[in-house]
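# Structural overview for review
Next come the chains, spelled out residue by residue.
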Amino acid sequence: MKFNRKKRQHSNTDVVITSLLDINFLLIMFFLMTAHFQQESHALLNLPKEKGEDKAPPDEAGLVINISDTGDVIVSNKTVAMDELRTLVRKQLDRIKDASHGTENVPPLKLLIRADRDGTTSDLNRVVSMMREMGVGTMCIATEVPQ
Amino acid sequence: MRLRKTASKRRYDRITINLASMIDVSFLLLFYFLVASMLGEEEKRLSTGLQTQGANSASAAGDFQTQVIEVRMIDNQPAYKVGERVCRDRACLAGALEPLPKAQGAFVKVYDTVGVGFAVAAVQIARDAGFEQVTYVPAK
């Protein structure tokens, strides 16, 4: 019996995914780098719901101070006392001064305060008063864009 | 004469690497970071001045005075006070700031007992009203 033996022709459809993998890995590396830097200094808080300023994206803050609704002051993921905060700010100011190599034009400390909107201003005022005493001239208050 | 086999007849052993799992893991990682970065709320900033001790006070006598917005509790409720006018909401404060001269900026004087959200709103409203220089002053 002669069986019909048809040689099935398998069509070769090659999909070149080399470029796709390259782009994929580039994206992964990008998100790995950016996600890491953001989480360290920003505590999980309910920020005041304000639209903020319509300026170009700001530079990275020199010092980020988080104030929770219970009055805890958090810097770099650690709760600090007011004395420690004073020391940290002093170090930052000295670092900026050293970096300016003794010139008169010392750039200001870029201070970002992230305060929980449900907290009272007594804690915020305490921190701001300290900054004033130490000669910090400007600060930025972080807000959450309302949706 | 026995000649060597030509190159086309040499057997090459194929080494195959199965990349299917690696591609799956890499797409999962990409998806994870995409989602994680999108979950964060968009943050903006409000820049304010701090009246440092010893600096020239803008409240010194001059042709134009700095406007002062007090944020405090009045009758056990948070309120904004501009001169003699007391405001309880944003619209009222915006209306109170509108006719004022903006050249010398504004001081937002915040007392201890109000909420942070309420105080920051005063800074935002002053900025929206056209005050270029807004200074946050903790009240004692």
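Coordinates for the structure precede this section.
To start, this report covers the structure provided alongside it.

Calculation rules
Residues numbered from 1 in each chain as written. Chains lettered and ligands numbered in written order. Predicted model: local features only at pLDDT ≥ 70, side-chain atom pairs only at ≥ 80, totals over all residues. Heavy atoms only, no water. Axes fitted to C-alpha atoms, helices over the stretch in contact; angles between N-to-C directions. Helix = DSSP H or I, 4+ residues; strand = E, 2+ residues; numbered from the N terminus. Parallel < 35°, antiparallel > 145°, perpendicular 65-115°, else oblique. Left-handed = near helix turned anticlockwise from the far one by under 90°. Contact = heavy atoms within 4.5 Å. Nonpolar A, V, L, I, M, F, W, Y, C, P; charged D, E, K, R; others polar. Salt bridge = Lys/Arg side-chain N within 4 Å of Asp/Glu carboxyl O. Buried < 20%, exposed > 50% of the residue type's maximum accessible area, 1.4 Å probe, protein only. Phe/Tyr/Trp six-rings, centres within 6.5 Å; stacked < 30°, edge-to-face > 60°. Lys NZ or Arg CZ within 6 Å of the ring centre and 35° of its normal.

## A short note on the packing of helix 2 (residues 82-99) of chain A against helix 3 (residues 121-133) of chain A
Residues and elements named next belong to chain A. Here helix 2 crosses helix 3 at 40 degrees, and the two axes come no closer than 11 Å. By the angle between their axes, helix 2 is oblique relative to helix 3. Every pair of crossing elements has a handedness; the one defined by helix 2 and helix 3 is right-handed. Counted together, M82, L85, R86 and V89 of helix 2 and R126, V127, M130, M131 and E133 of helix 3 form the full contact between these two elements. Partitioned by chemical class, the residues of the contact of helix 2 with helix 3 number six nonpolar, no polar and three charged.

## Looking at the pattern of salt bridges
All names here are of chain A. Counted by the stated rule, this structure contains ten salt bridges over all chains. R126 is paired through a salt bridge with D123; the nearest N and O atoms lie 3.0 Å apart. Separated by three residues within a single helix, R126 and D123 lie in helix 3, roughly one turn from each other. A relative accessible area of 14% means that D123 is categorised as buried.

## Topic: the packing of aromatic side chains
All names here are of chain B. This model, assessed by the stated rule, comprises three aromatic pairs over all chains. Aromatic pair Y80 and F118: ring centres 4.2 Å apart, planes at 5 degrees, arrangement stacked. On the criterion of sequence distance, the pair formed by Y80 in strand 3 (residues 77-82) and F118 in helix 3 (residues 116-129) is long-range, its members being 38 residues apart. For Y80, a relative accessible area of 2% puts it in the buried group. Just above the ring of Y111 sits the side chain of R72; from NZ or CZ to the centre is 4.3 Å. The ring of F131 has K102 lying over it, and the distance from NZ or CZ to the ring centre is 5.5 Å.

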